[in-house]
Amino acid sequence: MTVFTSFRVLMYVFWSVLNDMMFSYHITMLVLWLLITAINMFCLLVVYSNYQDLSDITRLEDMAKLKMGTLSSLHTHASLHSMHSIHSTHSPSPKGSLGSAA
């Protein structure tokens, strides 16, 4: 798109040199086409800016999903680990010995 736009601008300049700029039709056409080209460049910048914003948002969403997945897997792993440690540290004591010193 930028190659096409730059080619069009060069073509308008060349066309304006070849045509007589004494006639108002040629001057009007040159000004209109340059205005349309300027609008085209502005629209190109708007589209590129939106593309950058959306790619940044997509990257942030991917990072957030990765972080949430990592945190949830750590939470699941930590809760399983804590339940395992609770069951392994609380072994049933034999009957009759409640921690009394002999």
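Structure: see above.
Residues numbered from 1 in each chain as written. Predicted model: local features only at pLDDT ≥ 70, side-chain atom pairs only at ≥ 80, totals over all residues. Heavy atoms only, no water.

## So, the overall build of the protein chain
How we decide: Helix numbers and strand numbers start at the N terminus; a helix is a DSSP run of H or I with at least 4 residues, a strand a run of E with at least 2. Classification of residues uses two cut-offs on accessible area relative to the type maximum, computed with a 1.4 Å probe and protein chains only: under 20% is buried, over 50% is exposed, and between them is partly exposed. Only the protein chains shown count as cover for residues, and all accessible areas are computed by the Shrake-Rupley method using a 1.4 Å probe.
What the protein chain contains, in helices and strands, is two helices and zero strands. Looking at the protein chain as a whole, 6% of its 102 residues are labelled buried. Approximately 9000 Å² of the protein chain is accessible, and the part contributed by carbon and sulfur atoms is 73%.

## Structural notes on the pattern of salt bridges
Note the cut-off: Salt bridges are defined by distance alone: a side-chain nitrogen of Lys or Arg within 4 Å of a carboxyl oxygen of Asp or Glu.
One pass over the structure, following the stated rule, counts one salt bridge. When the shortest N-O distance is used, the salt bridge between Asp56 and Arg59 registers 3.1 Å. With Asp56 and Arg59 both in helix H2 (residues 24-89) and three residues apart, the pair spans about one turn of that helix. Residue Arg59 is classed as partly exposed on the basis of its relative accessible area, which comes to 47%.

## So, a nonpolar patch on the surface
Stated formally: In this scheme, patches are assembled from residues that exceed 30% relative accessible area and form no salt bridge. Like charges are connected within 9 Å, while nonpolar side chains (Val, Leu, Ile, Met, Phe, Trp, Tyr) are connected within 5 Å.
Taken together, Leu32, Leu35 and Ile39 make up a surface patch of nonpolar side chains, about 280 Å² in accessible area. Along the polypeptide, Ile39 turns up in helix H2.

## Quick notes on the packing of aromatic side chains
Think of a pair of aromatic rings as described by two things: how far the centres are apart, and how the planes are tilted against each other in angle. This is how the line gets drawn: Two aromatic rings, drawn from Phe, Tyr or Trp (for Trp, its six-membered ring), form a pair once their centres lie within 6.5 Å of each other, and the interplanar angle then sorts them: stacked below 30 degrees, edge-to-face above 60, tilted otherwise.
Summed over the entire model, instances satisfying the criterion amount to two aromatic pairs. Their ring planes at 25° and their centres at 5.8 Å tell us that Tyr12 and Trp33 sit as a pair that is stacked. Of this pair, Tyr12 sits in helix H1 (residues 2-18) while Trp33 sits in helix H2, and the two are 21 residues apart along the sequence. Given a relative accessible area of 5%, Tyr12 falls into the buried group.

## Some details on the environment of Thr2
Tracing the backbone shows Thr2 in helix H1. When its relative accessible area of 52% is taken as the criterion, Thr2 is described as exposed. Along the chain, Thr2 and Asn40 lie 38 residues apart, while their C-alpha atoms are 9.7 Å from each other.

## A few points about the side chain of Ser16
To keep things clear, this is the line we draw: What qualifies as a polar contact is a pair of N or O atoms within 3.5 Å, subject to a donor-acceptor requirement within protein and to the restriction that residues adjacent in sequence count only when both atoms come from side chains. Any two residues having at least one pair of non-hydrogen atoms within 4.5 Å are treated as being in contact.
Note on placement: Ser16 falls in helix H1. Of note is the side chain of Ser16, whose polar atom sits 2.7 Å from the backbone oxygen of Val13. Setting aside residues up to four positions removed in sequence, Ser16 forms contacts with Met21 and Leu30.

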